[in-house]
Amino acid sequence: MALEEYKRKRDFKKTPEPEGKVAAQRSERFFCVQKHLASHLHYDFRLEHNGVLLSWAVPKGPSLDPKTKRLAMHVEDHPVEYGEFEGVIPEGYGAGIVMLWDRGTWIPETDDVDAALKKGDLKFTLNGYKLKGSWVLVRTGGRYAGARGGGDRSWLLIKHRDDWSGDLDITEFAPRSVKSDGEFEDILAQDNPAIWHTNRPAKGGDTGAMFATIIERAAKLKSERNPGTKATRDADAKDERAARTKDTKGTKDTKTKEPQRARSTQSKKKK
Ligand code: MN
């Protein structure tokens, strides 16, 4: 498998993503998960094989719970060097923010990866920062035939039961980058948060709202590094407004009557 589709979809004069080439097989196989806020938030799951990164887009991200099967849409192979990419895609295909959410190595639990892929049942072990232990990718055979790209692109990513499985929501528990330790707004602030002020990758719905928040936070982060600009003053004003709103909601330090009553009821029960 080569990288034709990957290259066809991108204009490397306009995107910071690597153009890449098919790499030599390494003894340690690389894997990564890139959290990608584009038209929708998703997690790109990538396994190095035959010099490229086999790739699946997982809308809800991986789950450590073996009962929770996550839809994984098979997408085009990516160059191995893409696995270190984190940054902003300003326009075009995949426009948005890419965070390197997890990375490490993987070991196939089969001698013949190509045969397993063809069969639609690839078992493997991950050794990342966040994802570890035994997993499987299973092709669903058209169950989600209506989805983008057709049924044969639909797989399920499932955790096998082992020491690394459990009901911890890993995407909630460990949301940040393993490369920069940043959130989306930190990654955007490293680049140019002003870029989408007029034309954002997603405008409406939850994704649009997410972009709006991240762009605002990134502008604030950036202005904190360059004080005295108009952006700083705007961000400060927004921050003050946010602080005022927060005050009325109550924080961890502000004990309201409800939780106290709940606690005392509970302690009475225990006695
Ligand atoms: Mn993606």
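Residues numbered from 1 in each chain as written. Predicted model: local features only at pLDDT ≥ 70, side-chain atom pairs only at ≥ 80, totals over all residues.

Peer 1: Even after reading the chapter, I still don't get the overall build of the protein, so can you show me in this structure?
Peer 2: From N to C terminus, the protein includes seven helices and nine strands. A burial count over the protein gives 31% of its 271 residues as buried. In the protein, 59% of the contacts between residues at least 6 apart in sequence involve partners at least 24 apart. (Helix = DSSP H or I, 4+ residues; strand = E, 2+ residues; numbered from the N terminus. Buried ≥ 20, exposed ≤ 12 C-beta atoms within 10 Å, placed from the backbone. Contact = placed C-beta atoms within 7 Å.)

Peer 1: Looking at this structure, how should I read the confidence of the model for the protein?
Peer 2: As a general rule, the predicted coordinates of low-pLDDT regions are not to be interpreted in detail. Per-residue confidence for the protein gives a mean pLDDT of 84; residues scoring 70 or more make up 79%. Note on residues 246-271: pLDDT is under 50 here. Beyond four places in sequence and across chains, it has three contacts. (pLDDT = per-residue confidence, 0-100.)

Peer 1: How should I be thinking about unusual backbone geometry in this particular structure?
Peer 2: Not every positive phi belongs to a glycine, and Asn50 is a case in point at roughly 50°. Along the chain, the position of Asn50 falls in the loop between strand S2 (41-49) and strand S3 (52-58). One non-glycine residue, Asp181, lies in the positive phi region at around 65°. Here Asp181 is to be found in the loop between helix H3 (170-173) and helix H4 (184-190).

Peer 1: Looking at this model, I keep getting lost on helix H5 (residues 205-225). Mind explaining?
Peer 2: Because each turn of an α-helix spans 3.6 residues, side chains separated by three or four positions in sequence point in the same direction. Between its first and last C-alpha atoms H5 spans 31 Å; for 21 residues at 1.5 Å apiece the expected length is 30 Å, and the two agree. Within H5 the residues assigned to the buried category are Phe211, Ile214, Ile215, Arg217, Ala218, Ala219, Lys220, Lys222 and Ser223. (Expected span 1.5 Å × (residues − 1).)

Peer 1: Just to check I follow, could you spell out the environment of Val52 for this structure?
Peer 2: Following the sequence through the fold, Val52 ends up in strand S3. Residues Val52 and Val80, 28 residues apart in the sequence, show an inter-C-alpha distance of 5.1 Å.

Peer 1: Got a minute to help me understand the pairing of S3 in this structure?
Peer 2: Looking along a regular strand, one sees the side chains alternate between the two faces of the sheet. Within S3, seven of the seven residues are buried, leaving the element largely enclosed by the surrounding structure. The antiparallel hairpin formed by S2 and S3 contains two residues in its connecting segment, where Asn50 sits at a positive phi of about 50°. The sheet contact formed by S3 and strand S4 (residues 70-79) spans five bridges and is antiparallel. Each residue of the ladder has a partner; that of Ser55, found in S4, is Val75. (Pairing = 2+ DSSP bridges.)

Peer 1: Explanation requested: the pairing of S4 in the structure shown.
Peer 2: Both S4 and strand S9 (residues 154-159) contribute to a ladder of four bridges, which runs antiparallel. Following the sheet pairing, Arg70 is matched in S9 by Leu157.

Peer 1: It is not clear to me how the nonpolar core should be interpreted in this structure. Could you clarify?
Peer 2: Grouped together as the largest cluster of nonpolar side chains are 47 residues, with contacts concentrated most on Trp56, Ile97, Leu157 and Leu188. Ignoring anything within four residues of it in the chain, the contact list for Ile97 reads Leu37, Val88, Phe184, Ile187 and Leu188. (Core = buried A, V, L, I, M, F, W, Y, C linked by C-beta atoms within 7 Å.)

Peer 1: I would appreciate a short explanation of the environment of Lys130 in the present structure.
Peer 2: Among the structural elements, Lys130 can be located in the loop between strand S7 (121-128) and strand S8 (132-139). In contact with Lys130, other than residues within four places in its own chain, are Asp102, Ile170 and Ala174.

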